[in-house]
Amino acid sequence: MADDLSDAIRDSAFQPRRASGDSGSVEQHPLKDQIAADKHLASKQAAGKGLGIRRVKLSPPGAS
């Protein structure tokens, strides 16, 4: 899903913000808002993978 949103943001960056024609006009969400949404979804996805912290017990060689 994040890849789809990243692709949509990339496509949106190359398109005009507002377009109008005979049938009406279209305006997209601001690029700043789209990027913020992408960052939010990416952080939610990263947080769902676990804490990213691993506890290990280290003991030097020869210690009992």
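Since we're looking at a predicted model, the values are computed, not measured. All residue numbers here refer to positions counted from 1 along the written sequence of the relevant chain. Confidence filtering applies because this is a predicted model: local features only for residues at pLDDT of at least 70, side-chain atom pairs given and counted only at 80 or more, and all residues used for totals across whole chains, interfaces and linings. For side-chain calculations, the full set of non-hydrogen atoms in the structure is used, while hydrogens and water are omitted.

Turning to the overall build of the protein chain, a few remarks are in order. Each helix and strand counted, the protein chain has two helices and two strands in total. Starting at the N terminus, the α and β elements of the protein chain follow one another as α-β-β-α. Residue burial is assigned from relative accessible area. The probe radius is 1.4 Å, only protein chains are included, and a residue is buried under 20% of its type maximum, exposed over 50%, and partly exposed in between. Out of the 64 residues in the protein chain, the part that is buried amounts to 8%. The helix and strand labels rest on DSSP assignments: H or I over at least four residues marks a helix, E over at least two residues marks a strand, and numbering proceeds from the N terminus.

All right, on to the pairing of strand 1 (residues 18-21) then. Consecutive side chains of a regular strand alternate in pointing toward one face of the sheet and then the other. Note: two strands are recorded as paired if DSSP finds a minimum of 2 bridges between them. Where strand 1 and strand 2 (residues 24-27) come together, four bridges link them in antiparallel fashion. Note that in strand 2 the partner of Arg18 across the bridge is Glu27. Between strand 1 and strand 2, which follow one another and run antiparallel, lie two residues.

Chain-level statistics for the protein chain give a pLDDT mean of 76 and a share of 86% at 70 or above. Here pLDDT means the predictor's own confidence in every residue, given as a number from 0 to 100. The secondary structure element of the protein chain with the lowest average pLDDT is helix 1 (residues 2-13), at 73, and the one with the highest is strand 2, at 83.

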